[in-house]
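A structural walkthrough
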Amino acid sequence: MYRLPKGREKMPRRTELEISDIPYQYKNKILRINKSYCEPNFKSSTILTDDAFTYIEFYFASQKKAMKYANSASKAKYGDEKKYHYSFYWKQALEFYRASKLLTLESAPLLSYYSMLNAAKAFLAFKCEYIEEFIEHFGNHGLFERNDLDGIDLNTIAVWRKNKGVFPLLGRKIESNFDSIWPSGKSNAITLKNLLYNLAYVHRSYIITYNTARKPAVPELFIPLKADCAPAYHNGNDSNLYLMFEVDRSFFPTTATSIPTSYLSSISNDFCVRRNNNFALRSSSGGKRNTSDSLSAEFKALNSKLRREFQYIRSNRRLWYLKRSNLVHSDVINLNSMLITMAAMHRISEIVRYKPEQLAHLMNSKENWLIHEFLTLALDQFIDEIAAEITGQEIMGTGTKA
C-alpha cells in the first residue's frame, strides 16, 4: 500500500471556493449594491416615494447635525451658523426645480443648473464639519467655459474646473482621487461630447447619434444588467461576501454563448466570470463578514471600490449598468455620474444665458436628440443621486418591489 512521505500525512487539503447562489440577507433584506456612492446605509429599508424633495426635507428636519466654526473668531465675520443650514439650500434647489419644469427646453437649463447647484450646497452643508471650509468654496461655481473653441458642435464646446468652488468641493467629497481624475486648469477642459459619452442614462441616445454607416462605430461603454436585479452579495465558504450579478444576454449577439472577450477585457479586473454561468460575474475578491448585526470595515471598503464600476438609471425598476472602465478609448472618464451631469449642465446653462443662438444651432443639428434627452432627464437623475448621497438610503418610486 502506498504511503505519503513522512511529514506530509497531515497536510490539509485545499478547499475550493464555493459561493452560495442565494443572496446574503442582512437585517432581513438582500444585501445589494446601493445607489449611494459614498456612505450607503445597508440597515435602512428601501424608501418608496415619488417626491424625493419632500422626503429629504423631512429627513433634514430629523437631523441634529450642523456645521460649526473651527475658529470662534470667524463668527464675527461670517455670521450666525444657522444661515448656512442645509435645509435652506435644499428649499432653494426645490424652487429652482419647480420653476425649471415650467420653462421650455431652450430656457430650462439655466434653472436646472441652479437647482443642481443648491442641491450640491445642501449636501456639502450637511457633510462638512466646519463652516470655514464651506464658505471658502460656496461663493464660486468652480466651473468655466473653454472659450477658445469653435462651439459649433458638442465636440467643440468644453468645460474646465478650478481648484476652488462648489463643484471641486463636491468632487472631493464624492471621489477620493477627484484631483487626479480631473485635474484643474484650462488645459484639462473636457468637451460636452466626452462628458455625455460617460452617462448611462443618455448612452442609447449617444450611440444612435454618432453611430452612422459612414463612420467607425462608437464602442458601447455600458453593459446592462439583468432587469430589476441590482448586484447582490453572496456568502462564500471562506467567510467572505462576494458581489454577484448577471448581465442582460440580449445585449450581445444571439449567437453568443458567453460574454465576448472584447467586453470582458474592458471591464474592471475586480470581476471574473462565474463557473456555472457564462453571463454572470462575481467580484474577484470578497470582504469579511463580521456578525449578523454588523458589516466589517473590509466589506465596506470593498463595496466602496466596486460601487464605482456601476451606474444606474432613475426608474421605478432597478436598472443597473456595468461600465467598461478599462476600455481603451480616449473619451472614457471614470468619474461619478453626478459630477459629470453637473459639469455638462453648467456649460449648457452658460450657453442659454449668454449665447442662446448657439443652443438654437445645436438643436437644429444631428446632435439635437442627444441634447434633448440630456436636458429632459438630467435634473431628475441628479436629484435622485444626490438624495441617495445625503441619506445613504435606497430611494425608489412607489410601485417598486422593495
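Let me begin by describing the structure that accompanies this report. (Residues numbered from 1 in each chain as written. Predicted model: local features only at pLDDT ≥ 70, side-chain atom pairs only at ≥ 80, totals over all residues. Heavy atoms only, no water.)

1. Structural notes on the sheet that holds strand 5 (residues 143-145)
Read across the sheet, three strands follow the order 5-6-7 without closing on themselves; strand pairing throughout is antiparallel. For this open sheet the edge positions go to strand 5 and strand 7 (190-191), each flanked by a neighbour on one side alone. Note that strand 6 (residues 158-161) and strand 7 share two bridges and pair antiparallel. Among the inter-strand pairings, V159 is bridged to a residue of strand 7, identified as I190. Contacting strand 5 and strand 6, helix 12 (residues 337-354) crosses the sheet at an angle of about 45° to strand 5. (Pairing = 2+ DSSP bridges. Helix = DSSP H or I, 4+ residues; strand = E, 2+ residues; numbered from the N terminus. Contact = heavy atoms within 4.5 Å. Axes fitted to C-alpha atoms, helices over the stretch in contact; angles between N-to-C directions.)

2. Overview of unusual backbone geometry
One non-glycine residue with positive phi stands out, namely K27, at about 55°. Relative to the helices and strands, K27 is located in the loop between strand 2 (25-26) and strand 3 (29-30). Judged by its relative accessible area of 34%, K27 falls in the partly exposed class. One non-glycine residue, S239, lies in the positive phi region at around 70°. (Buried < 20%, exposed > 50% of the residue type's maximum accessible area, 1.4 Å probe, protein only.)

3. Focus on helix 12
The terminal C-alpha atoms of helix 12, which comprises 18 residues, lie 26 Å apart, in line with the 26 Å expected from a rise of 1.5 Å per residue. Helix 12 sits mainly inside the fold: 16 of its 18 residues count as buried. Where helix 12 begins, the side chain of N336 points an oxygen toward the backbone nitrogen of M338, at a separation of 2.8 Å. (Expected span 1.5 Å × (residues − 1). Polar contact = N/O pair within 3.5 Å; in protein donor to acceptor, adjacent residues only side chain to side chain.)

4. Remarks on the packing of helix 9 (residues 203-210) against helix 14 (residues 368-391)
In contact at an axis separation of 8 Å, helix 9 and helix 14 are set at 170° when each is read in the N-to-C sense. In this view, helix 9 runs roughly antiparallel relative to helix 14, as classed from their interaxial angle. Together, S205, Y206, T209 and Y210 of helix 9 and W369, L370 and E373 of helix 14 make up the contact between the two elements. For the contact of helix 9 with helix 14, the residue count by class is four nonpolar, two polar and one charged. (Parallel < 35°, antiparallel > 145°, perpendicular 65-115°, else oblique. Nonpolar A, V, L, I, M, F, W, Y, C, P; charged D, E, K, R; others polar.)

5. A short note on the pattern of salt bridges
Following the criterion strictly, the structure yields 23 salt bridges and no others. With a shortest N-O distance of 3.3 Å, K164 and E136 are connected by a salt bridge. Note that K164 is positioned in the loop between strand 6 and helix 6 (166-174) and E136 in helix 5 (residues 131-138), a separation of 28 residues in sequence. Exposure remark for K164: the relative accessible area of 45% places this residue in the partly exposed category. The closest approach of N and O atoms between E246 and R249, which form a salt bridge, is 3.5 Å. (Salt bridge = Lys/Arg side-chain N within 4 Å of Asp/Glu carboxyl O.)

6. Observations concerning the packing of aromatic side chains
For the structure on display, the rule yields 32 aromatic pairs. Geometrically, the ring pair formed by F167 and F178 is edge-to-face, given 5.9 Å between the ring centres and 70° between the ring planes. Here the residue F167 occupies a position in helix 6, and F178 occupies one in helix 7 (residues 178-181), the gap between them amounting to eleven residues. The burial state of F167 is the same as that of F178; both residues are buried. Taking 5.4 Å as the distance between ring centres and 85° as the angle between the ring planes, the aromatic pair formed by F245 and F271 counts as edge-to-face. You can see F245 sitting in strand 10 (residues 240-246) and its partner F271 sitting in strand 11 (residues 271-274), a full 26 residues away along the chain. Looking at F245, the relative accessible area reads 6%, which means it is buried. For F271, a relative accessible area of 7% gives the class buried. (Phe/Tyr/Trp six-rings, centres within 6.5 Å; stacked < 30°, edge-to-face > 60°.)

7. A look at the environment of P23
Positionally, P23 belongs in strand 1 (residues 19-23). Considered as a pair, P23 and N290 are 267 residues apart in the sequence and their alpha carbons are 17 Å apart. What P23 contacts, discounting residues up to four positions off in sequence, is I30, A232, Y233 and H234.

8. So, the nonpolar core
If you look at the biggest cluster of nonpolar residues, it comprises 86 residues, and the most contacted ones within it are F60, W90, W182, L195, M342 and F374. When residues in this core are grouped by element, the largest group, eleven residues, is from helix 14. Setting aside chain neighbours within four positions, we find M342 in contact with Y113, M116, L117, A120, L143, V166, F167, L170 and F382. Membership of the second largest hydrophobic core comes to 29 residues, among which are Y26, L243, F299 and Y312. (Core = buried A, V, L, I, M, F, W, Y, C linked by side-chain atoms within 4.5 Å.)

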